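Architecture at a glance
Read off the chains here:
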Amino acid sequence: MKIRAILAAATAGVLSLGLAACGGEEEPSTGPVSLRMTVWSSNEAHLKLFNEIADAYQAKNPRVTEVKFDPIPFESYTTTLTTQIAGGNGPDLAWLLENSAPDFVGSGALLPLDDTLAKADGYNAADLSPAATKLWQAGGKLFAYPFSTSPFGVFVNIDQLKAAGQQTPAELIAANQWTWEKAVAVAAASATKSGKAGLVVRDFDYKGWDNLSTVWTGWGAQAWSADGKTCGFDQQPMVDAMTFLHKAIFTDKALPGPGTTADFFAGEAAMTVTQISRASLLKEAKFGWDLVPLPTGPKGQYAVIGQAGLGALKKGKNADVAADFLAFFTNPENSAKLAAYFPPPRTSLLTADTLAKTNPLLKPEQLQKVVIDGISGGVVKPSHTGQAEIAQAVRAALDPLWKPDADIKAVLGGVCSAINPLLAK
Amino acid sequence: MSTRFWTGSRRDTLAGYLFIAPQLIGSVLFVFVPLGLVFWYSLHEWNVLADTFTFVGGENYQALADDPKLADALVATGFFSAGLVVLNLSLALLLAVLLNQRLRGTVFFRTVFFSPVVVSLVAWTIVWSFLLQDNGGINGLLELVGVDGPNWLRGEGTAMLAVIVVQVVKNVGLNMVLFLAALQGVPANLYEAATVDGATRRRQFLSITVPMISPTILLTSIITVVGSLQVFAQIAVLTQGGPGTSTTVLVYYLYQQAFQFHHFGYGATLSVLLFAIVLLLTLVQWRMRRKWVFHES
């Protein structure tokens with residue numbers, strides 16, 4: 001009898017949990033609303049600004065009793081977010097990384113924002129740069145607001161270059177010689193002299209290969225075609241770019257080899273390729289530094305941008321309120337405030353003057369050349385539906401490349417064999 | 001005749017059930033229900049983002065049979081388990097025998113070898129990830145003796161070896177203590193008798209020590225095999241399954257499928273497979289105990 005009762009209880013548990021997993025949306029409530037937004041920044045200044053904006057929103061909307069900003073570590077951000085959603089505990093709003101954009105935008109997990117933004121007072125959605133919103137649209141609808149569009153640039157440790165008797169990138173730019181060939185030569189010479197690292201492609205670490213798009217775009221290479229169907233790794237531009245990179249790592253020793261870490265911001269490298277939002281790490285730098293655009297490749301000048309979007313989850317209990325808060329959070333006035341930390345997608349804010357007010361560490365020339373020119377002409381880092389699986393397959397297939405005697409063409413062909421079935425999905 | 005409901009035996013029965021209730025309820029809630037759910041999920045295609053949960057019957061099991069990457073994961077798991085069990089048990093037994101002597105300093109060394117067991121697994125692994133870097137501490141030491149060490153975590157062969165060694169050093173102390181306890185339970189008069197009969201130390205070890213501690217050998221081997229199939233944090237911190245897929249063991253592959261690629265249904269199917277493997281191995285070891293394990297009675 002007892003056993004039967006226990007089994008019945010267990011079965012009921014299984015069924016209710018199973019049903020909860022496939023349950024539909026709940027009715028919008030009319031009572032007090034509490035919103036939760038997941039972010040990957042736990043920077044105090046960022047959170048202070050967010051809370052100020054949220055307080056202003058709550059003052060206007062007394063129904064909203066709480067807006068909670070919930071920081072999740074960057075390394076596991078998307079995994080944690082999807083696990084929360086799977087567990088029925090998803091946030092109302094979420095920051096989204098560009099590499100998960102196609103998955104989130106294409107799946108229907110997010111609420112379309114167009115109507116809410118159109119209704120919002122003085123929102124001026126037409127001000128959003130089309131280059132910035134492209135990734136976050138599907139079927140003509142906008143599913144997330146690209147609150148941060150951050151171009152990649154090269155941070156330079158001037159002291160280390162000078163100690164090695166090298167020309168600085170600023171001098172090379174003036175002489176029209178700021179090319180990848182030259183950058184690698186300078187980095188190699190500096191590394192030999194200092195015994196530290198030369199050039200570090202930040203967050204690559206022989207795993208985060210999408211960061212290498214900051215290099216190969218200079219050769220006109222791409223991970224896959226614009227429609228996402230054709231693999232680009234085995235094509236000539238990529239072979240050339242990777243051959244160059246391989247030589248720079250294993251022959252010139254301009255980049256630290258696999259399994260060696262070096263942090264530019266701690267003074268351990270002469271140069272680093274990273275997003276300009278990292279400039280804040282140089283606040284207390286004990287060395288002279290500069291920020292310059294990416295060197296030119298054989299295909300000339302180019303820029304690469306990384307993006308982050310903000311979306312409202314459709315499944316949330318108060319999705320409409322969440323979308324309304326999103327519209328407030330990103331209205332012209334608040335966008336200007338957010339621009340202090342996150343390069344904005346609004347063209348009216350993309351002037352060296354405006355950005356200079358909020359980015360005191362960067363000179364107007366740096367803002368113009370790296371940020372503004374970068375955002376208007378930049379290529380977004382590679383992203384694709386099912387990105388995580390593709391990224392993992394590319395990482396595994398690229399591993400044999402990171403050896404001194406690698407057969408570059410064969411390895412890159414192997415990358416395409418590994419991801420072609422995934423691209424076709 | 002009395003028709004009292006609460007007879008002595010009924011009362012005893014109730015007391016018995018009450019005693020096992022906490023354990024039983026815990027097991028049902030945290031073991032059997034999740035197990036049932038995992039099996040239930042494995043019959044579904046669960047797209048978290050699109051919020052769809054569709055019954056697909058045996059499709060995930062068919063995908064399991066057709067998955068070319070699964071073979072790699074199973075091979076990696078096999079290598080890891082075999083390497084770990086052999087290295088861990090032999091090292092633990094060796095240390096236990098050495099530290100079972102009545103010599104000065106054995107207590108100190110027992111503490112030294114046991115202390116990694118109580119260190120946080122992730123902290124332990126992170127420290128090792130620094131030591132195993134190309135320019136890390138291990139290669140620095142090797143350089144002192146004129147050896148140019150490999151890039152441990154980046155070589156296909158050395159990465160697995162590194163993960164195994166990190167795990168062995170972490171946990172060998174636990175098995176060592178279990179072996180020590182068993183060794184101290186072996187009656188001294190057996191050795192005395194053997195010595196009188198002229199048996200060598202080696203013969204004594206093989207014919208007295210090993211049979212007498214065989215129950216412990218069985219226990220430690222079950223614990224170690226089952227534990228080796230669950231390795232996750234070490235892989236996640238040290239290699240993330242690379243280089244290539246050489247250290248993508250079954251649990252890590254399961255994690256990738258479910259939590260990184262969002263294939264929760266397929267991830268659940270892999271869990272069922274893992275469950276079946278652990279169950280099978282444990283049953284095999286348990287069955288073979290009659291053959292292996294010496295019982296005094």
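Since we're looking at a predicted model, the values are computed, not measured.

When helices and strands are tallied, chain B shows 14 helices and two strands. For a compact globule of 297 residues, the expected C-alpha radius of gyration is about 19 Å, and chain B comes in at 25 Å, more than 25% above that figure. With the C-alpha coordinates aligned to their principal axes, the bounding extent of chain B is approximately 85 × 70 × 30 Å. Residues counted as buried form 31% of the 297 residues belonging to chain B. For chain B, contacts bridging at least 24 residues in sequence account for 71% of all contacts bridging at least 6.

Moving on, we come to the confidence of the model for chain B. Of all residues in chain B, 97% attain a pLDDT of 70 or more, and the chain-wide mean is 90. Here the complex is predicted with pTM 0.84, and the ipTM for its interfaces comes to 0.80.

This paragraph deals with the interface of chain B and chain A. Contact with chain B, which involves 28 residues of that partner, is made by 33 residues of chain A. Looking at the side of chain B that touches chain A, the elements with two or more residues in it are α1 (8-42) and α12 (250-260) of chain B. The element best represented in the side of chain B that touches chain A is α1 of chain B, accounting for six residues. Across the side of chain B that touches chain A, the residue classes break down as 14 nonpolar, 11 polar and three charged.

This part covers the UniProt feature "domain: ABC transmembrane type-1" (unreviewed entry) in chain B. Residues given the UniProt feature "domain: ABC transmembrane type-1" (unreviewed entry) here are residues 74-285 of chain B. Along residues 74-285 of chain B, the helical share is 75% and the strand share 0%, with 20 Å between the first and last C-alpha atoms.

A few words on helix α11 (residues 236-250) of chain A. Residue and element names in this part refer to chain A. For α11, which comprises 15 residues, the first-to-last C-alpha distance of 21 Å matches the rise-based estimate of 21 Å (1.5 Å per residue) to within 8%. Those residues of α11 not exposed but buried are Met238, Ala241, Met242, Phe244, Leu245, Ala248 and Ile249. For α11, the arc enclosing every buried residue in end-on projection is 155 degrees, short of the 170-degree limit, so these residues lie on one face. The secondary structure elements touched by the buried residues of α11 are α9 (180-194), α10 (213-216) and α17 (408-424).

Residue and element names in this part refer to chain A. Parsing chain A into structural domains produces domain 1 (31-150 + 306-378) and domain 2 (151-222 + 232-303). If you average the C-alpha positions of domain 1 and of domain 2, the two centres end up 30 Å apart. Each partner contributes residues to the interface: domain 1 has 17 residues there, and domain 2 has 13 residues. Those elements that place two or more of their residues in the side of domain 1 that touches domain 2 are β6 (145-157) and α15 (364-377). Broken down by element, the residue count for the side of domain 1 that touches domain 2 peaks at eight residues, all from α15.

Moving on to the pairing of β6 of chain A. All names here are of chain A. Summarising burial for β6: 13 of the 13 residues are buried, a large majority. Judged from the five bridges that link them, β6 and strand β10 (residues 304-312) form a sheet pairing that is antiparallel. In the strand pairing of β10, Pro151 is matched with Ile305. Where β6 and strand β8 (residues 269-275) come together, five bridges link them in antiparallel fashion. Bridge assignment links Val156 to a residue of β8, and that residue is Met271. By the bridge criterion, four bridges tie β6 to strand β9 (residues 289-292) in an arrangement that is antiparallel. Within β9, the residue paired with Val154 across the bridge is Val292.

What follows concerns the UniProt feature "transmembrane region" (unreviewed entry) in chain B. All names here are of chain B. Mapped onto this numbering, the UniProt entry annotates "transmembrane region" (unreviewed entry) at residues 14-41, 73-99, 111-131, 159-183, 204-229 and 264-284. Secondary structure across residues 111-131 divides into 71% helix and 0% strand, with the first and last C-alpha atoms of the span separated by 23 Å. Along residues 159-183, the helical share is 100% and the strand share 0%, with 35 Å between the first and last C-alpha atoms.

Packed helices, taken two at a time, are described by the angle between their axes plus the distance between the axes. Residues and elements named next belong to chain B. Contact geometry for helix α3 (residues 68-99) and helix α7 (residues 156-184): axes closest at 7 Å, N-to-C directions at 40 degrees. When the axes of α3 and α7 are compared, the pair comes out oblique. When the axes of α3 and α7 are compared, the crossing they make is right-handed. Residue classes in the contact of α3 with α7 are distributed as 21 nonpolar, five polar and no charged.

To continue, consider the environment of Leu132 of chain B. Residues and elements named next belong to chain B. Considering the arrangement of structural elements, one finds Leu132 in the loop between α5 (121-131) and α6 (137-144). The buried category is assigned to Leu132, around which 26 C-beta atoms lie within 10 Å. For the pair Leu132 and Asn60, spaced 72 residues apart in the sequence, the C-alpha separation amounts to 38 Å. Here Leu132 is in contact with Ile138, Trp152, Leu153 and Ala162, once residues within four sequence places are set aside.

This brings us to the nonpolar core. Formed by 168 residues in total, the largest nonpolar core has its most connected members in Ala187, Leu199 and Leu326 of chain A together with Val249 of chain B. Mapping this core onto the domain boundaries places at least three of its residues in each of domain 1 (31-150 + 306-378) and domain 2 (151-222 + 232-303) of chain A. In contact with Leu199 of chain A, not counting residues within four places along its chain, are Ala183, Val184, Ala187, Ala254, Leu255, Ala269, Ala270 and Met271 of chain A.

Next up on the list: unusual backbone geometry. Residue and element names in this part refer to chain B. In the segment running from Gly242 into Pro243, the intervening peptide bond is cis, with an omega of -5 degrees. Here Asp51, not a glycine, exhibits a phi torsion of approximately 60 degrees, which is positive. Within the fold, Asp51 resides in the loop between β1 (44-47) and β2 (52-55). By the C-beta count within 10 Å, which is 21 here, Asp51 ends up buried. The backbone of His262 shows a phi angle near 65 degrees, a positive value even though the residue is not glycine.

The rules behind each value
Residues numbered from 1 in each chain as written. Chains lettered and ligands numbered in written order. Predicted model: local features only at pLDDT ≥ 70, side-chain atom pairs only at ≥ 80, totals over all residues. Helix = DSSP H or I, 4+ residues; strand = E, 2+ residues; numbered from the N terminus. Rg over C-alpha atoms; globule rule 2.2 N^0.38 Å. Buried ≥ 20, exposed ≤ 12 C-beta atoms within 10 Å, placed from the backbone. Contact = placed C-beta atoms within 7 Å. pLDDT = per-residue confidence, 0-100. Nonpolar A, V, L, I, M, F, W, Y, C, P; charged D, E, K, R; others polar. UniProt positions renumbered as here; feature names shortened; annotations may be inferred. Expected span 1.5 Å × (residues − 1). Arc of directions from axis to C-beta. Domains from an automatic or database assignment. Pairing = 2+ DSSP bridges. Axes fitted to C-alpha atoms, helices over the stretch in contact; angles between N-to-C directions. Parallel < 35°, antiparallel > 145°, perpendicular 65-115°, else oblique. Left-handed = near helix turned anticlockwise from the far one by under 90°. Core = buried A, V, L, I, M, F, W, Y, C linked by C-beta atoms within 7 Å.

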